[in-house]
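Single-letter residue listing:
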Amino acid sequence: MPLRRIVISGCSGRGKSTLIDGLAANGFQTLPEAGRIVVREALASSSDALPWMDRKNFAEKLAAFAIQQFDATADLEGLVFFDRSVIEAFVYSQMHNFEMSVWLGQAVRNCRYDDTVFVVPPWQDIFVEDEERRHSFDEAVTEYNSLLKAFTEFGYTVCEVPRMANQERVEFILNEMQSGDYENLVKV
């Protein structure tokens with residue numbers, strides 16, 4: 001089966017990483033969220049590349065890491081699930097009114113993921129702020145709405161993942177993929 005880069009996106013704090021972990025537990029290749037990695041590295045090195053310190057620096061590092069993840073999958077086959085994408089860096093830059101770097105605009109066009117993007121919607125009952133996620137639920141909802149608009153504008157089909165237990169979410173995604181235009185669902 002040819003390479004298919006599947007994006008799991010949506011509202012911060014809504015279980016994307018848990019969903020990615022569930023897909024990995026089912027034998028699928030997955031990539032972690034670039035934003036969390038950038039924040040962890042910045043905290044560990046006392047860097048200011050944090051969304052609550054230097055948003056532009058954070059956005060640039062986020063975009064570079066997301067591109068690196070995309071490129072790292074070029075020789076793989078089968079399904080690869082991404083916890084977010086380079087489009088999140090683009091949206092983050094737009095939300096904070098940064099002048100777009102030419103390379104980021106090119107990356108959004110060149111890093112083309114599978115046509116269907118799975119998004120997890122806002123769900124206040126399970127929203128959690130932590131050391132790496134220091135924004136409110138309202139900010140997360142604004143981010144979610146901006147992401148939906150961007151994915152649609154960039155020609156992706158958005159499939160909202162229902163609010164349910166994680167294993168049910170995993171099954172929902174796999175069922176949606178099997179009923180879609182995917183050949184046979186193949187684990188890598």
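Residues numbered from 1 in each chain as written. Predicted model: local features only at pLDDT ≥ 70, side-chain atom pairs only at ≥ 80, totals over all residues. Heavy atoms only, no water.

Examining the packing of helix α3 (residues 55-72) against helix α5 (residues 102-110)
Now for step 1: Put simply, α3 and α5 touch, their axes get as near as 11 Å, and they point 30° apart. It follows from the interaxial angle that α3 and α5 lie roughly parallel. The crossing of α3 and α5 is left-handed. For the pair α3 and α5, the contacting residues are Glu60, Ala63, Ala64, Ile67 and Phe70 in the first and Trp103, Leu104, Ala107 and Asn110 in the second.
Now for step 2: The residue makeup of the contact of α3 with α5, split by class, is 7 nonpolar, 1 polar and 1 charged. (Axes fitted to C-alpha atoms, helices over the stretch in contact; angles between N-to-C directions. Helix = DSSP H or I, 4+ residues; strand = E, 2+ residues; numbered from the N terminus. Parallel < 35°, antiparallel > 145°, perpendicular 65-115°, else oblique. Left-handed = near helix turned anticlockwise from the far one by under 90°. Contact = heavy atoms within 4.5 Å. Nonpolar A, V, L, I, M, F, W, Y, C, P; charged D, E, K, R; others polar.)

Regarding helix α4 (residues 86-95)
Now for step 1: Counted residue by residue, α4 has 8 buried out of 10 residues, so it is predominantly covered.
Now for step 2: Within the span of α4, buried status applies to Val86, Ile87, Glu88, Ala89, Phe90, Val91, Tyr92 and Ser93.
Now for step 3: One or two positions beyond α4, positive phi appears at asparagine 97, with a value near 55°. (Buried < 20%, exposed > 50% of the residue type's maximum accessible area, 1.4 Å probe, protein only.)

Looking at the pattern of salt bridges
Now for step 1: Scanning the entire structure with this criterion turns up 6 salt bridges.
Now for step 2: Put simply, aspartate 114 and arginine 4 hold a salt bridge, and the shortest N to O gap is 2.8 Å. You can see aspartate 114 sitting in the loop between α5 and β4 (116-120) and its partner arginine 4 sitting in strand β1 (residues 4-10), a full 110 residues away along the chain.
Now for step 3: You can call aspartate 114 buried: its relative accessible area is 9%.
Now for step 4: Relative accessible area serves as the criterion here: at 17%, arginine 4 is assigned to the buried category.
Now for step 5: Note that aspartate 115 is salt-bridged to arginine 112, the shortest N-O span being 3.3 Å.
Now for step 6: By relative accessible area, which is 45% here, aspartate 115 ends up partly exposed.
Now for step 7: Residue arginine 112 is classed as partly exposed on the basis of its relative accessible area of 33%.
Now for step 8: Connected through shared salt-bridge partners, Glu33, Arg84, Glu88 and Glu143 make up one network. (Salt bridge = Lys/Arg side-chain N within 4 Å of Asp/Glu carboxyl O.)

Observations concerning the side chain of aspartate 83
Now for step 1: With respect to the secondary-structure elements, aspartate 83 resides in strand β3 (residues 79-83).
Now for step 2: No salt bridge is formed by the buried aspartate 83; its nearest oppositely charged neighbour, arginine 84, is found at 4.8 Å.
Now for step 3: Among the polar contacts listed, one links the side chain of aspartate 83 to the side chain of serine 17, at a separation of 2.7 Å.
Now for step 4: In contact with aspartate 83, other than residues within four places in its own chain, are Ile8, Lys16, Ser17, Ile20, Leu31, Pro32, Glu33 and Ala34. (Lys, Arg positive; Asp, Glu negative; His and termini not counted. Polar contact = N/O pair within 3.5 Å; in protein donor to acceptor, adjacent residues only side chain to side chain.)

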